Amino acid sequence: MSLLPRTAEEFSSAEYWEKFFKKRGEKAFEWYGDYNKLCGVLHKYIKVQDKVLVVGCGNSELSEQMYDVGYKHLTNIDISETVVNNMNQRNAERRPGLTFHQVDATKTPYENASYQAALDKGTLDAMASEEEGALARNMLTEVGRVLSVGGRYVCVTLAQESVIKLAVEHFVQLGWAVRLHCLQEENRTEEDSFALPVFVLVCTKFRQPMPTPILEMCLGEDGAPVRHTHVSELLSAVREHQAYSVLRKRLRTNTDANSNLSLTLCHAKTGLPRYTLTIQDSPPGAKVPRANQFAIFIVPQGSETAWLYSSGEGRRQLAASANFRRLVIASMHRNQEYTEMQAVQSELSPVVMDLAPPGMPANHQVPFLSVGGDLGWREEVSRGVSQLSGEYCVENVKGEDGELYRRLVFLSNAALVQSESRLVSSNTATSQKKKNKRKAKASAAPVASSTSMTVDSGFLCCAHHEVMVACLAMLGVGMPQNKDIPVSVLLVGLGGGGLPQFLRDFMPNVTIEVVELDPVVLEVAKQWFGFQPDDRLTVTLGDGLERICALEKEGGHLFDAIMFDVDNKDSTLGISCPPAAFVETPILQKVRNLLTPRGLFILNLACRDPALRKSVLERVSGVFPTILSRKIEEEINEVLLCTRDEKETSDATHILPSLNQAAKNLQSALCSSGTEPSRRPHIDIAELLKDLRIV
């Protein structure tokens, strides 16, 4: 490998190539592939009778092999005197008609339109780094001059973006047709020089420049061309093929239980995402049966956001349970049709073998795994666009528990469920609720739906919502002496409206003001999630921060609880809930000022960055004397319960024991919320609060 250029600039250095060929000697160096790999594409675009100019021929055997199969009109040029002399000597007796000339490819002595084809294997790549691409442009201009109408420039290249962009834009400006072939290698080994795939660029000269660019990409030598409108689209397709090739080589040569490698497979005709494949390897030393080399797990539709499939820890747990050396976890995408499990297996079978672990025996049978052999079920019921949050969809899905759920998903972050509610048939809601032993649910208003489903406001799908409700036990809700004392709540973040509607329907004497920034979210909540505001549950449309500032400025309006349940649209940050501005010290101080003496600040915090989480906790503790934290199992979320009353600070260690009675009181209040016994919510307040910890 010491003979390979160390830097990109070395590719175009005449001195480098002189040293290279002297050191390499007579042994041919097949730069970017040999004749056997390239012949399919070459014969497709270069006729045997064509006059061919081979630019930067080097000591490759390509011209010799082409000559042997009938190409007798090859003119080989190279900048290196050494290689030209060696190649002429090597072919003088056996191939007297094959000649090599020391010629600068940017200044050739040949007449205009004197060749039908120009063949370039790696020369463009070598020149493109010189003089900011000027050398390569000069060569391409020279190639265009010597080619006749209908002639083709056939270039074998690694298609580094700067190189291929330079060439494609050059020929598009001239009005030539441009096509790229991506040549996938079937038997790549660890010793290969390049992880990147080899491309063949074919540019065809027309008598009259094409008014609209012709830009095409083909997979393999005979793949059907996919037409692109803009150069940027073609470059994007190149990057996708390169990324896949690098990933494939990495998977064929290594295993890594801690990596989260994934790729997306798109529909061949529409280009829309169809499958996402995530690779999970077993850890070193795992006792895996020899027969369990490789398996594919099909995630049921609608379950792809579940912790088991969407988190690294969950996937590792799934792989350990399956006990295979490598498990590929395949998720299906929205807005795609999937008929049956057998059809999905047939679709994936040709692709997944590229992802097999290193050393897997040939003809090894690869099993497909699933949950009960079921593809799951998903029905999109609405789709729209929010000016603030982008495109969204509302969908019904079948959970792995057999129940139906309704979800709101913003497609800018399709792996995250924004809001979720459980559904029941409006005709059988009461009977289904009686059968549910895990949670007895409350009735709700029917939702406009083709399937006449009903959203159940008494069922909280989000575990952090359950904890936020349970935290209100700290206010003494449900205690006999407090039965007539009103409780006021300010909630920032509406979502589907499940949390505020639960508080209104089942918490005695509670009034809620919800602040929601996005009017589209409010309309979706009303139309698809059964959300119904009234005099006890009001919605203020606007920025949550501005509302907090306005309320403090107005004065006189205090809340017993202020809840933040608002997501962060900036996915580049380590905190996904709330936006960072909501936990800055000035805002936290305003929140404290808006609380009654017994008031609580309840924050849904989702922070992946440990340093950032520490910073948030420091700012919160600088404003609130006591903070309790409740981690949400199998999620990054935690709920922070913050007290305003400084008296609690000295008694912080006694807060947790005192919650036991408070939990019983709130539990009692929920169980006597005025609805029929079979329609009351059943969340275990004591269970939810037992894992609270003092920060």
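Bear in mind the structure is a predicted one, so any value in this text is a computation, not a measurement.

(A) View of the overall build of the protein chain. Per the secondary structure count, the protein chain includes 21 helices and 28 strands. Sequence-distant contacts in the protein chain: of pairs separated by 6 or more residues, those separated by 24 or more amount to 69%. Carbon together with sulfur atoms contributes 50% to the accessible area of the protein chain, which is approximately 31,700 Å² in total.

(B) Up close: the environment of M87. Here M87 is to be found in helix 4 (residues 81–91). As for M87 and F100, which are separated by 13 residues in sequence, their C-alpha atoms are 6.7 Å apart. Not counting chain neighbours up to four residues away, the residues in contact with M87 comprise G58, N59, S60, E64 and F100.

(C) Structural detail: the pairing of strand 2 (residues 74–78). In terms of burial, strand 2 is a largely internal element, five of the five residues being buried. Here strand 2 shows a buried face lined by L74, N76 and D78 and a second buried face lined by T75 and I77. Sheet topology places strand 1 (residues 52–55) next to strand 2; four bridges connect them, and they run parallel. Residue pairing across strands places V55 opposite I77, the latter belonging to strand 2. With helix 3 (residues 62–68) bridging strand 1 and its parallel neighbour strand 2, the resulting β-α-β unit is right-handed. Two elements, strand 2 and strand 3 (residues 99–102), share four bridges in a ladder whose sense is parallel. Residue D78 lies in a different strand from strand 3, and its bridge partner there is Q102. Between the parallel elements strand 2 and strand 3, the chain passes through helix 4 in a crossover that is right-handed.

(D) Spatial organisation of the confidence of the model for the protein chain. Looking at the protein chain, the pLDDT average stands at 85 and 86% of residues meet or exceed 70. Note that pLDDT drops below 50 for residues 428–450; the model gives that stretch 62 contacts with residues more than four away or on any other chain.

(E) Representation of the sheet that holds strand 6 (residues 177–183) within the structure. The strand order across the open sheet formed by nine strands is 3-2-1-4-5-7-6-8-9, and the pairing between neighbours is mixed. Two strands close off the open sheet at either side, each with one partner strand: strand 3 and strand 9 (226–228). When strand polarity is set aside, the average angle formed by the axes of neighbouring strands in this sheet is 20 degrees. Here three bridges tie strand 8 (residues 214–219) to strand 9, and the two strands are oriented antiparallel to one another. Of the residues in strand 9, the one forming a bridge with M217 is V226. Helix 6 (residues 134–146) contacts strand 1, strand 4 (115–121) and strand 5 (147–157) of the sheet and is inclined by roughly 145 degrees relative to strand 5.

(F) Broad picture of a negative patch on the surface. On the surface, a cluster of negative charge is made up of E633, E634, E635 and D691. With respect to the secondary-structure elements, E635 resides in the loop between strand 26 (626–631) and strand 27 (637–643).

(G) Structural detail: the pairing of strand 15 (residues 378–386). With eight bridges connecting them, strand 15 and strand 16 (residues 390–398) associate as antiparallel partners. The partner of S382 across the bridge, within strand 16, is V394. The antiparallel pairing of strand 15 with strand 16 creates a hairpin that spans three residues between the two strands.

(H) The side chain of R422, seen in detail. Tracing the sequence through the fold places R422 in strand 18 (residues 419–425). For R422, the side chain forms a polar contact with the side chain of D401, separated by 3.0 Å.

(I) Broad picture of empty space enclosed by the protein. What the rule picks out here adds up to two cavities of 30 Å³ or more. Empty space within the largest cavity amounts to approximately 70 Å³. Around the largest cavity sit 13 residues that line it, and V54, C57, S60, L62 and S63 are the ones nearest its centre. Elements that contribute at least two residues to the lining of the largest cavity include exactly strand 1, helix 3 and strand 4. For the lining of the largest cavity, the leading source of residues is strand 4, giving three residues. Residues of the lining of the largest cavity, tallied by class, amount to seven nonpolar, four polar and two charged. Taken as a whole, the second largest cavity spans an internal volume of roughly 50 Å³. S421, V455, D456, S457, F459, G496, G497, G498, Q501 and F529 together form the lining of the second largest cavity.

(J) Molecular detail of the packing of aromatic side chains. Under the criterion given, the structure shown has 10 aromatic pairs. On the numbers, 5.1 Å between centres and 50 degrees between planes, the contact of F502 with F506 is tilted. A residue pair is termed a helical-turn pair when its members lie 3 or 4 positions apart in one helix, as F502 and F506 do in helix 14 (residues 498–506) at four residues. Considered together, F502 and F506 belong to a single accessibility category, that of buried residues. Between F564 and F601, the aromatic rings sit 5.0 Å apart at their centres with planes inclined by 80 degrees, giving edge-to-face as the arrangement. Of this pair, F564 sits in strand 23 (residues 559–564) while F601 sits in strand 25 (residues 595–607), and the two are 37 residues apart along the sequence. An identical accessibility class is assigned to F564 and F601; each is buried. Members of the aromatic cluster, connected to one another through ring pairs, are F564, F582, F601 and F624. Its end group placed over the ring of Y67, K72 keeps NZ or CZ at 3.9 Å from the ring centre.

(K) Geometry of the layout of surface pockets. Space inside the second largest pocket adds up to approximately 1,300 Å³. Lining the second largest pocket are 36 residues, and of these L219, E240, H241, C266 and A268 lie nearest its centre. At the level of elements, strand 8, strand 9, helix 8 (231–253), strand 10 (262–266), strand 11 (273–281) and helix 11 (341–352) are the ones that each hand at least two residues to the lining of the second largest pocket. The dominant element in the lining of the second largest pocket, judged by the number of residues it contributes, is helix 8, at nine residues. Residue assignment places the lining of the second largest pocket across two domains, with domain 1 (8–184 + 191–250) and domain 2 (254–363) each supplying three or more.

(L) Expanded view of the packing of helix 16 (residues 544–554) against helix 17 (residues 585–593). Where helix 16 meets helix 17, the closest approach of the two axes is 10 Å, and the angle between their N-to-C directions is 50 degrees. One way to sum up the angle between helix 16 and helix 17 is to call them oblique. Handedness of the crossing formed by helix 16 with helix 17: left-handed. For the pair helix 16 and helix 17, contact is made by L545, I548, C549 and E552 and by I587, K590, V591 and N593, respectively. Broken down by class, the residue content of the contact of helix 16 with helix 17 amounts to five nonpolar, one polar and two charged.

The rules behind the values
Residues numbered from 1 in each chain as written. Predicted model: local features only at pLDDT ≥ 70, side-chain atom pairs only at ≥ 80, totals over all residues. Heavy atoms only, no water. Helix = DSSP H or I, 4+ residues; strand = E, 2+ residues; numbered from the N terminus. Contact = heavy atoms within 4.5 Å. Areas by Shrake-Rupley, 256 points an atom, 1.4 Å probe, with all protein chains shown as cover. Buried < 20%, exposed > 50% of the residue type's maximum accessible area, 1.4 Å probe, protein only. Pairing = 2+ DSSP bridges. Right-handed = clockwise from strand over helix to strand, strands pointing away. pLDDT = per-residue confidence, 0-100. Axes fitted to C-alpha atoms, helices over the stretch in contact; angles between N-to-C directions. Patch = residues over 30% accessible without salt bridge, like charges linked within 9 Å, V, L, I, M, F, W, Y side chains within 5 Å. Salt bridge = Lys/Arg side-chain N within 4 Å of Asp/Glu carboxyl O. Lys, Arg positive; Asp, Glu negative; His and termini not counted. Charge placed at Lys NZ, Arg CZ, Asp CG, Glu CD. Polar contact = N/O pair within 3.5 Å; in protein donor to acceptor, adjacent residues only side chain to side chain. 1 Å grid on protein atoms, 1.4 Å probe; cavity = no way out; pocket = protein on both sides within 12 Å on 5 of 7 lines; lining within 4 Å. Points joined across faces, edges and corners; volume = space filled by probe spheres on them. Nonpolar A, V, L, I, M, F, W, Y, C, P; charged D, E, K, R; others polar. Phe/Tyr/Trp six-rings, centres within 6.5 Å; stacked < 30°, edge-to-face > 60°. Lys NZ or Arg CZ within 6 Å of the ring centre and 35° of its normal. Domains from an automatic or database assignment. Parallel < 35°, antiparallel > 145°, perpendicular 65-115°, else oblique. Left-handed = near helix turned anticlockwise from the far one by under 90°.

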